[in-house]
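Here are the chains, one letter per residue:
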Amino acid sequence: ALPAFGGILSLLLWGICCLVALCRCCRRCCLCSERKGPRGAQVWQKCAVAVVALGCSVTNFAASLTAFGYSGDVSMGFNDMLCQLLVMADETLNGSPPEP
């Protein structure tokens, strides 16, 4: 439901900005106007994109290192869970031993 809502919202905002749905001569957005090339990005905009990209890269790298570090714990947890599941199934089918 969330991706569909995001898509509808994006189309709505694009339609409001460019008014493409109404007529071609009424486009108001400078990026949607006909026969206009894209304007150059300013230095601060380039720096902001670089900082955001660097932050995302560092965050992804840290998350991958954390996931790799905890993969052993997750694997041991799955092994313990499967062992307990097999013990429970064995005791359900064959009964439990008299001694604990």
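Along each chain, the written sequence defines residue order, and numbers are assigned to residues from 1. Reporting of local features is limited, given that this is a predicted model, to residues whose pLDDT is at least 70; pairs of side-chain atoms are given and counted only at 80 or more, and all residues count toward the totals for whole chains, interfaces and linings. Hydrogens and water molecules were not included; the side-chain quantities draw on all heavy atoms of the structure.

### Quick look at the overall build of the protein
Strands are runs of DSSP state E lasting at least two residues, helices are runs of H or I lasting at least four, and both sets are numbered from the N terminus onward. Helices and strands together make up the secondary structure of the protein, namely 3 helices and 0 strands. Along the protein, helices (α) and strands (β) appear in the sequence α-α-α when read from the amino end. Considering the protein as a whole, with its 100 residues, one finds that 5% of them fall into the buried category. Computed by Shrake-Rupley with a 1.4 Å probe, the accessible areas treat only the displayed protein chains as cover when residues are assessed. A total accessible area of about 8,800 Å² is found for the protein, and carbon and sulfur atoms account for 71% of it. The rule is simple: take the accessible area with a 1.4 Å probe, protein chains only, and divide by the maximum for that residue type; under 20% is buried, over 50% is exposed, in between is partly exposed.

### What about a nonpolar patch on the surface?
A patch is a set of surface residues, each over 30% in relative accessible area and not in a salt bridge, joined within 9 Å for like charges and within 5 Å for the nonpolar side chains Val, Leu, Ile, Met, Phe, Trp and Tyr. A pair is scored as a salt bridge if a Lys or Arg side-chain nitrogen falls within 4 Å of a carboxyl oxygen belonging to Asp or Glu. A grouping of Tyr70, Val74, Phe78, Met81, Leu82, Leu85 and Met88 is seen on the molecular surface, where their side chains present a nonpolar patch of about 730 Å² in accessible area. Relative to the assigned elements, Leu82 resides in helix α3 (residues 71–94).

### Looking at α3
Each helix should span, by expectation, one fewer than its residue count multiplied by 1.5 Å. The end-to-end C-alpha distance of α3 is 34 Å, a good match for the 34 Å that 24 residues give at a rise of 1.5 Å each. In the segment just after α3, Gly95 is the residue with positive phi, at about 85 degrees.

### Quick look at the confidence of the model for the protein
Per-residue confidence from the prediction method is given by pLDDT, with values spanning 0 to 100. Taken residue by residue, the protein gives an average pLDDT of 82. The fraction at 70 or more is 77%. Looking across the protein, the model is least confident in helix α1 (residues 2–18), with a mean pLDDT of 80, and most confident in helix α2 (residues 43–69), with 93.

### Here's the deal with the environment of Asn94
With respect to the secondary-structure elements, Asn94 resides in helix α3. Identification of polar contacts relies on pairs of N or O atoms within 3.5 Å, with a donor-acceptor requirement for protein atoms, meaning one able to donate a hydrogen and the other able to accept it, and with residues adjacent in sequence counted only if both atoms are side-chain atoms. Engagement of the side chain of Asn94 in a polar contact is seen with the side chain of Asp90, the distance being 2.6 Å.

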